[in-house]
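Observations on the three-dimensional arrangement
Below, each chain spelled out in residue letters.
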Amino acid sequence: SLSPGDRIGPYILREPIGEGGFAEVFLAEQQEPVRRRVALKLLKPGMDSREILARFEAERQALALMQHSGIAKIFDAGISEAGRSWFAMEYVPGVPITDYCDTHRLDLAGRIDLFIEVCGAIAHAHQKGIIHRDLKPSNILVGLAEGKPLVKVIDFGVAKATDRRLTEKTIFTSQGMLIGTPAYMSPEQAEMSGVDIDTRSDVYSLGAIAYELVTGELPSRMGGPLLDVLDRIAHKEPARPTSLLRRSASRQRDESRQLTSASKDNTVSHRTSPKNMESHSARRSVDADLDAILLKALAKEPRQRYANAREMAEDMRR
C-alpha cells in the first residue's frame, strides 16, 4: 500500500483525499518541469480485470476530451512500477455544492446562480457526447478562486459516450446492474432495464440536485429496502418544491414566534425590512416557474424532460 512521500511517476504523494470501490485518490506534488499540486487517481492493488481497466481508461479519455473551467482537467497518465494504472488531474480544493450553499447561507438566487454554473459544465460534457451518469453533490465541488465561488464537476468514473468509443477495450455493462447513486439517479437507471441511457438521465440527476438545493430535501424518499427506494424513484411523483419551501418557512415562523414569546425582553421589534419583501404576485410567479423547471427535469419519462443541461440552464437563467 502507498503512503505519503511515495513517488508515482513525477509525483510525490502527500495525503489520501478520496477512495472508491476500484481506485484511490491522493493529493500529490509535481516538482518539475512545473511545480503544482495534483489529484492523482490510481487503481487499487488487484483491480486489474479487463472491465475495471476499460472503465479507468474510459474515464481518462472522457476527461481528455473536455476543456471547460467547470470540469477538472487531466494532465498526465501512466502505469506505476507496481503495475497500477494512474492519471493525474487538476486538484480541486472544495466542498460538495450542498455544503457550500449551507455554510455560506446562500439565498435562493445565489443557489440558482451556482447551479447554472454546474449546468454549463455538464452542457459542455453533453456537447462532447459524454454522459456523466453519477451526478451528485459530492461530485460537484465548490471552492473559491479570487474570492468568487468556482464550481468543478469531478469523477467521470462511470461516464458513457453517446457517439464514440472512449476506449478500444470492451466495457460490458450487464442488464440488471445498478450504475449511479440512488438518491440522484434517474428512473431509467433505477429500473435497470438495460434501456440506453442518454443526456436526459443527467438532466434528471441535475433536477434532483437543484431540488435539494432549493428545498433541503430529496425528490424521492430514501430509506427502507433498496428495491422499495428504486420503485419510488421510478414511479412516485415528487412533491412540488415550493410547497415544501412554504411548509419549511411556516415552520421557521412558528419557531421564531415561540422564541419571541419565550423571551422576557420584548423590546426588539421583529419586522421584515421592506427591501427583503417581494410583492406577493412576483413571489407567486417565481414559485410557478421554479416548480415547472424542477418538475420538468424530474419527469419520470425521459422524453418529457429537457433534452440536455443547456436547455435546463436557459430556463433557470430566465
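Structure shown above.
The residue numbering used here restarts from 1 in each chain and proceeds along that chain's sequence as written. pLDDT decides what is reported in this predicted model: residues at 70 or higher carry local features, side-chain atom pairs at 80 or more are listed and counted, and totals for whole chains, interfaces and linings draw on all residues regardless. Side-chain measures here rest on the full set of heavy atoms in the structure, leaving out hydrogens and waters.

The amide bond that connects Glu32 to the next residue, Pro33, takes the cis arrangement and shows omega of 0 degrees. Helix and strand assignments come from DSSP, with helices taken as H or I runs of at least 4 residues and strands as E runs of at least 2, each series counted from the N terminus. Position of Pro33 relative to the elements: it lies in the loop between β3 (23–30) and β4 (36–43). Residues other than glycine seldom take positive phi values, yet Arg105 does so here, at roughly 45 degrees. Using a 1.4 Å probe on the protein chains alone, a residue whose accessible area is under 20% of its type maximum counts as buried, one over 50% counts as exposed, and one in between counts as partly exposed. Taking the relative accessible area as the measure of exposure, Arg105 reaches 76% and is therefore exposed. Here the phi dihedral of Arg133 falls at roughly 75 degrees; this positive angle occurs in a residue that is not glycine. Here Arg133 lies in the loop between β8 (130–131) and β9 (140–145). On the accessibility criterion, Arg133 (8% relative accessible area) is buried.

All right, on to the sheet that holds strand β2 (residues 11–19) then. We call two strands paired when DSSP finds no fewer than two bridges between them. Within the open sheet, the 6 strands sit side by side as β1-β2-β3-β4-β6-β5. Their pairing is antiparallel. The open sheet terminates on both sides in strands that have one partner only, identified here as β1 (7–8) and β5 (74–79). In terms of strand pairing, β4 meets strand β6 (residues 85–90) through 5 bridges, oriented antiparallel. Following the sheet pairing, Lys41 is matched in β6 by Phe87. Of the strands in this sheet, β3, β4, β5 and β6 are in contact with helix α1 (residues 50–65), which crosses β6 at around 25 degrees. Contact criterion: two residues are considered in contact whenever any of their non-hydrogen atoms come within 4.5 Å of each other. Each axis is a line fitted through C-alpha atoms, taken for helices only over the stretch in contact, and angles between the N-to-C directions span 0 to 180 degrees.

All right, on to the pairing of strand β10 (residues 148–153) then. Inspection of the sheet shows β9 paired to β10 by 6 bridges, in the antiparallel sense. Within the sheet, the bridge partner assigned to Ile140 lies in β10 and is Val153. The antiparallel hairpin formed by β9 and β10 contains 2 residues in its connecting segment, where Glu146 sits at a positive phi of about 55 degrees.

Across a regular strand the side chains alternate sides, sitting on one face of the sheet and then on the other. Of all 8 residues in β3, 7 are buried, a share of seventy percent or more. Pairing of β2 with β3, which is carried by 7 bridges, proceeds in the antiparallel orientation. Its bridge partner lying in β3, Glu19 is registered against Glu24. Counting the residues in the hairpin turn of β2 and β3 gives 3 residues. Across 8 bridges, the pairing between β3 and β4 is antiparallel. Opposite Gln30, over in β4, you have Arg36 as the bridge partner. With antiparallel pairing between neighbouring strands as the criterion, β3 and β4 make up a hairpin whose turn holds 5 residues.

For helix α6 (residues 226–235), every residue scored as buried is listed here: Val229, Leu230, Arg232, Ile233 and Ala234. Of the surrounding secondary structure, the elements contacted by the buried residues of α6 are α4 (187–190) and α5 (199–215).

On to the packing of α5 against helix α9 (residues 309–317). The packing of two helices is summarised by the inter-axis angle and the distance between the axes. Axis separation between α5 and α9 bottoms out at 9 Å; the angle between their running directions is 35 degrees. Here α5 and α9 pass one another in a crossing that is right-handed. Touching Val203, Leu206, Gly207 and Ala210 of α5 are Ala309, Met312 and Met316, all from α9. Working rule for handedness: look at the near helix, and if it is turned counterclockwise from the far one by less than a right angle, call the crossing left-handed; if clockwise, right-handed.

The next point concerns the side chain of Thr215. For Thr215, the location among the structural elements is in helix α5. Assessed through its relative accessible area of 14%, Thr215 is described here as buried. Leave out the neighbours within four places in its chain, and Thr215 touches Pro241, Leu244 and Leu245.

Next up on the list: the nonpolar core. Among the nonpolar cores identified, the biggest contains 60 residues, and Ile97, Phe156, Leu206, Met312 and Met316 are the most heavily contacted of them. Residue contacts for Phe156: discarding those within four places in its chain leaves Glu59, Leu63, Met66, Ile71, Ala125, Ile130 and His132. Working definition of a nonpolar core: buried Ala, Val, Leu, Ile, Met, Phe, Trp, Tyr and Cys residues. They are joined through side-chain atoms within 4.5 Å. Counting residues in hydrophobic clusters, the runner-up holds 10 residues, among them Ile8, Phe26, Leu40 and Trp86.

What follows covers the environment of Ile209. Summarising the element assignment, Ile209 is placed in helix α5. Through-space distance from the C-alpha of Ile209 to that of Leu294 is 9.7 Å; in sequence the pair is 85 residues apart. If sequence neighbours within four positions are ignored, Ile209 has contacts with Ile97, Leu135, Lys136, Pro137, Ile140 and Tyr184.

Each Phe, Tyr or Trp ring, with Trp reduced to its six-membered ring, pairs with another whose centre is within 6.5 Å; inter-plane angles below 30 degrees give stacked pairs, above 60 give edge-to-face pairs, and intermediate values give tilted ones. What the rule picks out here adds up to 2 aromatic pairs. With 5.7 Å between their ring centres and 80 degrees between their planes, Tyr11 and Trp86 make a pair best called edge-to-face. Note that Tyr11 is positioned in strand β2 and Trp86 in strand β6, a separation of 75 residues in sequence. A residue is classified by how much of its surface remains accessible, and Tyr11, at 0% relative accessible area, is buried. Seen from their ring centres, Phe56 and Phe87 are 5.0 Å apart, and the 40 degrees between their planes marks the pair as tilted. On the criterion of sequence distance, the pair formed by Phe56 in helix α1 and Phe87 in strand β6 is long-range, its members being 31 residues apart. Like Phe56, the residue Phe87 is buried in the burial classification. Geometrically, a charge over a ring is one whose NZ (Lys) or CZ (Arg) sits within 6 Å of the ring centre while staying within 35 degrees of the ring normal. Against the face of Phe75 rests Arg36, its NZ or CZ located 3.9 Å from the ring centre. One cation-aromatic arrangement involves Lys296 over Tyr306; the distance from NZ or CZ to the ring centre is 4.5 Å.

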